[in-house]
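A look at the structure
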Amino acid sequence: MEKLTTRDRKHLWHPLTQHKTHGHMLGITKAEGAVLTDEDGRAYIDAIASWYTAMYGHCHPKITGAVTDQMHKLDQVVFSGFTHEPAIALSEALMAVLPYNQEKLFFSDNGSTATEIGIKMALQYFHNLGEKRNVMLAFEEGFHGDTFGAMSVSGLSAYNGPFEEHFIQVERIPVPDEDTIEEVLQHLEKRLQKKDVAGFIYEPLVQGAAAMKMHRPEHLCRILRLMKMFGVITIADEVMTGFGKTGTLFASDQLTIKPDIICLSKALTAGLLPMAITSCSRKIYDAFYDDTLQKGFFHGHTYTANPLACRAALAALQLLLSGEMQENINRIIRRHQEFDKRIKEHPRVASTRQTGVIYALDLAVQTARYGSLRDRLYSYFMEEGVFLRPLGNTIYLLPPYVISDAQLDKVYEVVWKGLDMDFEKE
């Protein structure tokens, strides 16, 4: 039988891929727990939970069982004019754990649409109030997705270059640190006095696509407090950080200033089915609640609140809140800390950082985000049976919560051995 790798080339166009130079795709036939298996039977530890989605492991029986049961009752129904038990039950369960000011949920399909909706909510909020505010603020090097609004507020030109002339109006502010927070606040306060800023979107604590850059909650709180003083709608993009990855259920739990809007996806459905949620406070919802039809939020997706995806999300949330999974999270955090004590002194490691189960190290070498060193590191990790996707000179780990200590030991060993690679080789 012709291999998947060969058949793939005939018709498929893959994301984030230049097919002329990187057109080889590995055929994966099975996934279970923290392990992916290819068509030749080789196993790979999924040390990034397949882009931070399969946090409870692949094909977890409690999640697949819940979805299997649901698909025999109700598979799909339009969510405009109808409702159903899986969506209601999920909303009730999420409201019990989301930050206290969140009251309403709006469903969509993926992380990009979750942030797109948050941006549209912020802009239409002021439109409905009759106040002209058409500027969005965002952190430098943020990433919020691939749709046009999401791209507009993202700061990575590798993704956005051909489309920038079509973007909405966005201004960027630096991510503050101990040395810059006062200056950032001074410039921000002066800028906000124009009162034309509708919203501020941010990745709380960890900027994922920016190579897991991390910032302190107290600095972010000071920025959020200033935004609220000037009436700016705050949008927490927790697509990557949500559902336990930062050590708390949501990164926003570590902040005293809560966002007006929260964007969720990825681990929401444990990687089993695509779905996203944009939650908001009562204040946001009330600005759309009106006798005038045009003040409603006219945004919709065919698979909004798909019953199967809702049931997967509900089962995933139950797993997250279990004592076993919480202990797993704490165990991974401790193991990362132990590993960090050893590797941070390595002469080829420039810096390390950790927030929850997210661990990153920067190599003491400069390289392009998708340069040859990154490609060689990726190939080396795969040859050693570990799936990692370095970003430039950054190697990061974000393993599923079910990863075993033995599997973690192998991941750490492979990363350590990778430091012996010839960094200067082209």
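For clarity, every value in this text was computed on a predicted model and none was experimentally measured.

A few points about the overall build of the protein chain
Scanning the protein chain for helices and strands turns up 14 helices and 16 strands. In terms of overall dimensions, the protein chain is globule-like: its C-alpha atoms have a radius of gyration of 22 Å, near the 22 Å expected for 426 residues. Each of the three principal axes of the protein chain carries a C-alpha extent, and together these read 60 × 55 × 45 Å. Burial analysis of the protein chain (426 residues in total) assigns 54% to the buried set. Summarising the internal contacts of the protein chain: among those between residues at least 6 apart in sequence, 72% fall at separations of at least 24. Approximately 19,500 Å² of the protein chain is accessible, and the part contributed by carbon and sulfur atoms is 52%.

Some remarks on the nonpolar core
Y56, F200 and V415 are the most contacted members of the largest nonpolar core, which totals 107 residues. The biggest single contributor to this core is helix 11 (residues 307-320), with 10 residues. A domain-level breakdown of this core finds at least three residues from each of domain 1 (4-23 + 38-46 + 323-419) and domain 2 (79-321). If we ignore the near neighbours within four places in the chain, the residues touching Y56 are I63, F243, A267, A270, A316, L319, L320, M325, Y401 and V402.

Focus on the sheet that holds strand 11 (residues 261-264)
As summarised here, the arrangement of the seven strands in space is 4-12-11-10-7-5-6, forming an open sheet in which the pairing is mixed. At either end of the open sheet lies a strand with only one pairing partner, and these are strand 4 (102-108) and strand 6 (170-173). Here the strands of the sheet are splayed against their neighbours by 20 degrees on average, with no regard to which way each runs. Set on the sheet, helix 9 (residues 217-229) makes contact with strand 5 (135-139), strand 6, strand 7 (197-202) and strand 10 (233-237); between it and strand 7 the angle comes to about 160 degrees.

Looking at unusual backbone geometry
A positive phi angle is found at L16, which is not glycine, with a value near 50 degrees. Even without being a glycine, F243 presents a positive backbone phi close to 70 degrees. Within the secondary structure, F243 is located in the loop between strand 10 and strand 11. Judged by its relative accessible area of 2%, F243 is buried.

Describing the domain arrangement of the protein chain
In terms of domain boundaries, the protein chain breaks down into domain 1 (4-23 + 38-46 + 323-419) and domain 2 (79-321). Of the roughly 1,600 Å² buried between domain 1 and domain 2 on both sides combined, carbon and sulfur atoms contribute 66%. At the boundary of domain 1 with domain 2, the tally comes to zero salt bridges. There are six residue pairs in polar contact (both at pLDDT 80 or more) connecting domain 1 and domain 2. Contributions of two or more residues to the side of domain 1 that touches domain 2 are made by helix 12 (323-343), strand 13 (349-355), strand 14 (358-363) and strand 16 (394-397). Among the elements that take part in the side of domain 1 that touches domain 2, helix 12 stands out by supplying five residues, more than any other. Classifying every residue of the side of domain 1 that touches domain 2 by side-chain character gives 12 nonpolar, six polar and two charged.

A closer look at the pairing of strand 14
Sheet faces and side chains relate simply in a regular strand, where the side chains alternate between the two faces. When you tally the buried positions in strand 14, you get six out of six residues, the bulk of the element. Here strand 14 shows no split at all, with I358, A360 and D362 on one side and Y359, L361 and L363 on the other all buried. Where strand 13 meets strand 14, six bridges bridge the pair, whose relative direction is antiparallel. Within strand 14, the residue paired with T355 across the bridge is I358. Taking the residues that link successive antiparallel strands as the turn, the strand 13-strand 14 hairpin has two residues, and the phi of G356 there is positive, at about 60 degrees. Pairing of strand 14 with strand 16 involves four bridges; the strand directions are antiparallel. Looking at the pairing, A360 lines up with Y396 of strand 16.

Regarding the packing of helix 13 (residues 372-383) against helix 14 (residues 405-418)
Taken N-terminus to C-terminus, the directions of helix 13 and helix 14 make an angle of 140 degrees; their axes are 10 Å apart at the nearest point. As far as their axial angle goes, helix 14 and helix 13 are oblique. Two packed elements cross with a definite hand, and for helix 13 against helix 14 that hand is right-handed. Across the interface between the two elements, L377, Y380 and F381 from helix 13 touch V414, V415, K417 and G418 from helix 14. In the contact of helix 13 with helix 14, the residues fall into five nonpolar, one polar and one charged.

Overview of the pattern of salt bridges
One pass over the structure, following the stated rule, counts 23 salt bridges. Notably, a salt bridge pairs E141 with K213, separated by 2.6 Å at the nearest N-O pair. Here the residue E141 occupies a position in the loop between strand 5 and helix 6 (148-152), and K213 occupies one in strand 9 (residues 213-214), the gap between them amounting to 72 residues. Salt-bridge contacts for R331 lead to D405; the nearest nitrogen and oxygen are separated by 3.0 Å.

Quick notes on the sheet that holds strand 14
Reading across the sheet, the three strands line up as 13-14-16 and stay open at both edges, with antiparallel pairing between neighbours. Each end of this open sheet is capped by a strand with a single partner; those strands are strand 13 and strand 16. This sheet shows a mean twist of 15 degrees between the axes of neighbouring strands, independent of strand direction. Packed onto the sheet, helix 12 meets strand 13, strand 14 and strand 16 and runs at close to 15 degrees relative to strand 14.

Structural notes on the environment of Y412
Tracing the sequence through the fold places Y412 in helix 14. Sequence separation between Y412 and I343 is 69 residues, and the spatial gap between their C-alpha atoms is 9.3 Å. Excluding residues that lie within four positions of it along the chain, Y412 makes contacts with I332, R335, H336, F339, R342 and L397.

Thresholds applied
- Residues numbered from 1 in each chain as written.
- Predicted model: local features only at pLDDT ≥ 70, side-chain atom pairs only at ≥ 80, totals over all residues.
- Heavy atoms only, no water.
- Helix = DSSP H or I, 4+ residues; strand = E, 2+ residues; numbered from the N terminus.
- Rg over C-alpha atoms; globule rule 2.2 N^0.38 Å.
- Buried < 20%, exposed > 50% of the residue type's maximum accessible area, 1.4 Å probe, protein only.
- Contact = heavy atoms within 4.5 Å.
- Areas by Shrake-Rupley, 256 points an atom, 1.4 Å probe, with all protein chains shown as cover.
- Core = buried A, V, L, I, M, F, W, Y, C linked by side-chain atoms within 4.5 Å.
- Domains from an automatic or database assignment.
- Pairing = 2+ DSSP bridges.
- Axes fitted to C-alpha atoms, helices over the stretch in contact; angles between N-to-C directions.
- Buried area = accessible area lost by both parts, 1.4 Å probe.
- Salt bridge = Lys/Arg side-chain N within 4 Å of Asp/Glu carboxyl O.
- Polar contact = N/O pair within 3.5 Å; in protein donor to acceptor, adjacent residues only side chain to side chain.
- Nonpolar A, V, L, I, M, F, W, Y, C, P; charged D, E, K, R; others polar.
- Parallel < 35°, antiparallel > 145°, perpendicular 65-115°, else oblique.
- Left-handed = near helix turned anticlockwise from the far one by under 90°.

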